[in-house]
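# A structural walkthrough
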Amino acid sequence: MELSLNTATVRKQWNLAQMIDGCARHGIRGLSPWRDQVAALGLQKTRALIKEHGLTVTGLCRGGFFAEKNWKDDNLRAIEEAHVLGAPALILVVGGMPPGSKDLSSCRQRIQDCIAEILPEARKAGVPLAIEPLHPMQVTRAAVNTLEQALDMCDALEPGGAQGTPGVGVAVDVYHVWWDPKLAGQIARGRGRILGYHICDWLPATRDLFNDRGMMGDGVIDLPSIRKWVEAAGYSGFQEVEIFSELDWWRRDPDEVLRTCKERLPKC
Ligand code: ZN
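This write-up is about the structure you can find in this document.

Cut-off values and rules
- Residues numbered from 1 in each chain as written.
- Predicted model: local features only at pLDDT ≥ 70, side-chain atom pairs only at ≥ 80, totals over all residues.
- Heavy atoms only, no water.
- Helix = DSSP H or I, 4+ residues; strand = E, 2+ residues; numbered from the N terminus.
- Rg over C-alpha atoms; globule rule 2.2 N^0.38 Å.
- Buried < 20%, exposed > 50% of the residue type's maximum accessible area, 1.4 Å probe, protein only.
- Contact = heavy atoms within 4.5 Å.
- Areas by Shrake-Rupley, 256 points an atom, 1.4 Å probe, with all protein chains shown as cover.
- Lys, Arg positive; Asp, Glu negative; His and termini not counted.
- Charge placed at Lys NZ, Arg CZ, Asp CG, Glu CD.
- Right-handed = clockwise from strand over helix to strand, strands pointing away.
- Salt bridge = Lys/Arg side-chain N within 4 Å of Asp/Glu carboxyl O.
- Axes fitted to C-alpha atoms, helices over the stretch in contact; angles between N-to-C directions.
- Parallel < 35°, antiparallel > 145°, perpendicular 65-115°, else oblique.
- Left-handed = near helix turned anticlockwise from the far one by under 90°.
- Nonpolar A, V, L, I, M, F, W, Y, C, P; charged D, E, K, R; others polar.
- Phe/Tyr/Trp six-rings, centres within 6.5 Å; stacked < 30°, edge-to-face > 60°.
- Expected span 1.5 Å × (residues − 1).
- Arc of directions from axis to C-beta.

## Some remarks on the overall build of the protein
- What the protein contains, in helices and strands, is 10 helices and nine strands.
- Since a compact globule built from 268 residues should have a radius of gyration of about 18 Å, the 17 Å found for the protein is in line with a globular shape.
- Each principal axis of the C-alpha distribution contributes one length, and for the protein these read about 45 × 40 × 40 Å.
- Taking all 268 residues of the protein together, 54% fall into the buried category.
- Nonlocal contacts in the protein, meaning residues at least 24 apart in sequence, comprise 79% of its contacts between residues at least 6 apart.
- Working note: accessible area of the protein is about 11,300 Å², and carbon and sulfur atoms make up 50% of it.
- Positive and negative side-chain charges in the protein, numbering 32 and 34 respectively, have mean positions lying 1 Å apart.

## Considering the pairing of strand β4 (residues 60-64)
- Counting buried positions along β4 yields four of five residues, so the element is predominantly enclosed.
- Handedness of the crossover is the feature at issue here: the chain leaves β4, passes through helix α4 (residues 71-85), returns alongside strand β5 (residues 90-93), and the resulting connection is right-handed.

## Some remarks on the pattern of salt bridges
- Applying the stated criterion to the full structure yields 22 salt bridges.
- The salt bridge involving D74 is made with R35; its shortest N-O contact spans 3.3 Å. With D74 in helix α4 and R35 in helix α2 (residues 35-41), this pair connects stretches of sequence that are 39 residues apart.
- Looking at D74, the relative accessible area reads 24%, which means it is partly exposed.
- Overall, the relative accessible area of 13% leaves R35 in the buried class.

## Some points on the packing of helix α3 (residues 43-52) against α4
- Where α3 meets α4, the closest approach of the two axes is 9 Å, and the angle between their N-to-C directions is 30 degrees. One way to sum up the angle between α3 and α4 is to call them roughly parallel. Read as a crossing pair, α3 and α4 show a hand that is right-handed. Taking contact as the criterion, the partners of L43, Q44, T46 and R47 in α3 are, on α4, E81, V84 and L85.
- Looking at side-chain class alone, the contact of α3 with α4 contains three nonpolar, two polar and two charged residues.

## Some points on the packing of aromatic side chains
- Counted by the stated rule, this structure contains five aromatic pairs.
- Consider the rings of W34 and F244, whose centres lie 6.0 Å apart with planes at 85 degrees: the pair is edge-to-face. With a gap of 210 residues between them, W34 in the loop between β2 (30-32) and α2 and F244 in the loop between β9 (239-241) and α10 (254-264) connect regions that are remote in the sequence. Residue W34 shares its accessibility class with F244, and that shared class is buried.
- Note on F244 and W250: the rings are 6.1 Å apart at their centroids and 65 degrees apart in plane angle, and the pair reads as edge-to-face.

## Re α4
- For α4, built from 15 residues, the straight-helix expectation of 21 Å at 1.5 Å per residue is met to within 8% by its first-to-last C-alpha distance of 21 Å.
- Within α4, burial applies to W71, N75, A78, I79, E81, A82, V84 and L85.
- Directly after α4, the chain includes G86, whose backbone phi takes a positive value near 70 degrees.

## A closer look at the packing of α4 against helix α5 (residues 104-125)
- Where α4 meets α5, the closest approach of the two axes is 10 Å, and the angle between their N-to-C directions is 35 degrees. In this structure, the crossing between α4 and α5 has a hand that is right-handed. Contacts from W71, K72, N75, L76, I79 and H83 of α4 reach α5 at R110, C114, E117, I118, E121, A122 and A125.
- Counted by class, the contact of α4 with α5 contains seven nonpolar, two polar and four charged residues.

## Re helix α9 (residues 223-232)
- Those residues of α9 that sit buried are L223, I226, R227 and V230. Along the axis of α9, the buried residues cluster in a sector spanning 100 degrees; they form a single face. Facing away from the buried side of α9 by over 90 degrees, the exposed positions are K228 and A232.
- Next to the buried residues of α9 lie α7 (174-177), α8 (183-189), β8 (194-199) and β9.
- Of the residues one or two after α9, G234 is the one with positive phi, at around 95 degrees.

Nothing here speaks to function; it is all geometry.
In structure tokens, the structure reads:
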């Protein structure tokens, strides 16, 4: 599988134009940008630069956050942006409970209802929606926490199953799902629905709930096994490096970060 750079990985060091240039220099052919960076550079300019450098967009981060007041307008805009960039999926971080609420089950139902509401627009734009389950420690950011839960939602939203390109699917991020005893079986179940594969590593002594992801090979995730399961389930896209690392990788020379990502690929 080829490498893609999720731009969160070097977001403290580089702007998007520098990231696009960096990928091209390092021979990394995939790129998954974040919407704030696209907005800063300009949508059309981003599209042109990506094309000029011969990169493939592997996803757009992110839509979702369905507990926000303006969730619908924002998600429709995100779908349009993903369409313009030719992204194979809009990644959804689905959001948690609204302020003051402790009702997790109705929050989860609401997430499904909101996705159902934007799904026709996503289909029309040819932009599949990728539900990314987040580790349970991040339930306040995303109340979908296992691959099983995400696939159940896909089945409820598209009861006929995923034929051809699905309208809704999942993004498998190893950081969020590696611990799950049902992971192998659920990845196999996800055939036709896997729209993205995100890699990094889990450091045993995590110092920060959000921003202490490890570089591939520095932690305890069995990346080769998960990659094999994902490939066996028919996924043939990129493996996208996504590292949030306040204390380490965001402090390093970004060229060193990209070089290290490439060097570690045989361990993935
Ligand atoms: Zn991810």
